[in-house]
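Structure at a glance
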Amino acid sequence: MPVTNGHGNPDWTREETLFALELLYREGKPLGEGHEAVVVLSDFLRRAAIHPPEARRQSFRNPAGVALKLQNLFSAVEPGRGLTHSYTDRAVVKDFPKSALPQLTQVVNALRALLNAGETLEFVENEEEEFAEGQWLTGRHRRRDARLRLRLLERHKDKQLICEMCDFSRVDLERPMQESQFEAHHRVPLAAAETVRSTKVSDMALLCACCHRLLHRLISTERRWVTPEEARLRLQQIPRVA
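In this convention, every chain numbers its residues from 1, walking through the sequence in written order. With the structure being a predicted model, the display of local features is reserved for residues of pLDDT at least 70 and the display and counting of side-chain atom pairs for 80 or more, all residues being used for whole-chain, interface and lining totals. To get the side-chain values, take all heavy atoms of the structure and skip hydrogens and water.

1. Focus: the packing of aromatic side chains
Working definition: rings of Phe, Tyr and Trp (its six-membered ring) pair if their centres are within 6.5 Å, and the pair is stacked with planes under 30 degrees apart, edge-to-face with planes over 60 apart, and tilted otherwise. Throughout the structure, instances matching the rule amount to two aromatic pairs. Our definition puts a charge over a ring when NZ of Lys or CZ of Arg is within 6 Å of the ring centre and also within 35 degrees of the ring normal. Here the guanidinium or amino end of Arg-112 rests over the ring plane of Phe-44, the centre of that ring lying 5.5 Å away.

Printed below as a string of structure tokens:
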């Protein structure tokens, strides 16, 4: 078993754990600290702006530590292997089982692109609504959609504003008051959205603020991407209380 000498280093984040799990699935088994893929991941995580420099010891995410993480994740994937694993390990494996490797790879590629571009980790305002992809992409999703909202409203400037989930509309109000009740939501999963160079307005759904919050909570609770169309159908199936 590798010796990490990593006491005092920060705990592995969900994002870091996603990178390790993707490597484990791709290779099919834990790897030793001398394996080239382990060394490459170690070098990447040591360079990534996920933890502040002052929080890292010299042993931070060294190859031995990455190899140990792979063994712990393998224990979470294949229970009974005798190794301990954290809540984060169990949660990540639950959200991304072996069958979800293509989706996991997409998430990891999106995160890698952001880190290579010099992005720094920012946490979401409400951790209860973190999506399966993690806090980083969740936070970027919210900031991106806020910027795209103006473009979406401009496209609807000559149309009635109607929520695509519940058909809410307030034509009795002045236009600025109507617009204040609507928000933009990306139709595609976070990682897929990050791999697109530019977002088209047609990729955005116009939702009332209540439905937007409901949809975020639904995605967070189910740990998968739920489309506005699916949410609309589910709302229609719930009997209204008189």
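2. Comments concerning the nonpolar core
For our purposes a nonpolar core is just a set of buried Ala, Val, Leu, Ile, Met, Phe, Trp, Tyr and Cys residues, chained together by side-chain atoms within 4.5 Å. Throughout, exposure labels follow a simple rule: accessible area from a 1.4 Å probe, protein chains only, divided by the maximum for the residue type, with under 20% read as buried, over 50% as exposed, and the rest as partly exposed. With 57 residues, the main nonpolar core has Leu-18, Phe-19, Leu-21 and Leu-137 as its most contacted residues. Contacts are assigned to residue pairs with any non-hydrogen atoms lying within 4.5 Å of each other. In this view, Phe-19 contacts Leu-41, Phe-44, Leu-45, Val-108, Leu-111, Arg-112 and Leu-115; residues no more than four positions away in its chain are not counted.

3. Considerations on the pattern of salt bridges
Any carboxyl oxygen of Asp or Glu within 4 Å of a side-chain nitrogen of Lys or Arg constitutes a salt bridge here. For the structure on display, the rule yields 16 salt bridges. For Glu-22, the salt bridge goes to Arg-26, with nearest N and O atoms at 3.1 Å. In this pair, Glu-22 and Arg-26 both sit in helix 1 (residues 14-27), four residues apart, roughly one turn of the helix. The salt bridge partner of Asp-89 is Lys-69, with a shortest N-O separation of 2.6 Å. Taken together, the residues span a long stretch of sequence, with Asp-89 in helix 4 (residues 87-95) and Lys-69 in helix 3 (residues 63-77) at a distance of 20 residues. Helix and strand definitions follow DSSP, with helices as H or I runs of at least four residues and strands as E runs of at least two, each counted in order from the N terminus.

4. Some thoughts on the pairing of strand 1 (residues 182-186)
Judged by how many residues are buried, strand 1 sits mostly within the fold: four of five residues are covered. Here strand 1 pairs with strand 2 (residues 204-208) via five bridges, running antiparallel. Within strand 2, the residue paired with Phe-182 across the bridge is Cys-208. Criterion used throughout: strands pair if DSSP finds at least two bridges between them.

5. Digging into the packing of helix 1 against helix 2 (residues 36-47)
The axes used here are C-alpha line fits, helices contributing only the stretch in contact, and every angle between their N-to-C directions lies in the interval 0 to 180 degrees. Axis separation between helix 1 and helix 2 bottoms out at 11 Å; the angle between their running directions is 165°. Considering their axes alone, helix 1 and helix 2 lie roughly antiparallel with respect to each other. Where helix 1 crosses over helix 2, the handedness of that crossing is right-handed. The segment helix 1 lies against helix 2, with Glu-16, Phe-19, Ala-20, Leu-23 and Glu-27 engaging Ala-37, Val-38, Leu-41, Phe-44 and Leu-45. Side-chain classes are defined by residue name, with Ala, Val, Leu, Ile, Met, Phe, Trp, Tyr, Cys and Pro counting as nonpolar, Asp, Glu, Lys and Arg as charged, and the others, Gly among them, as polar. Residues that form the contact of helix 1 with helix 2 fall into these classes: eight nonpolar, no polar and two charged. If an angle is under 35 degrees, it is roughly parallel; if it is over 145, roughly antiparallel; if it lies from 65 to 115, roughly perpendicular; otherwise it is oblique. Crossings are sorted by hand: turned counterclockwise from the far helix by less than a right angle, the near helix makes the crossing left-handed, and turned clockwise it makes it right-handed.

6. Looking at the packing of helix 1 against helix 5 (residues 101-116)
Closest axis-to-axis distance for the helix 1/helix 5 pair is 10 Å, and the angle between their directions is 130°. Our classification of the angle between helix 1 and helix 5 gives oblique. For the pair helix 1 and helix 5, the sense of crossing is left-handed. Residues Glu-15, Leu-18, Phe-19, Leu-21, Glu-22 and Tyr-25 of helix 1 form the contact with helix 5, whose participating residues are Leu-101, Leu-104, Thr-105, Val-107, Val-108, Leu-111, Arg-112 and Leu-115.

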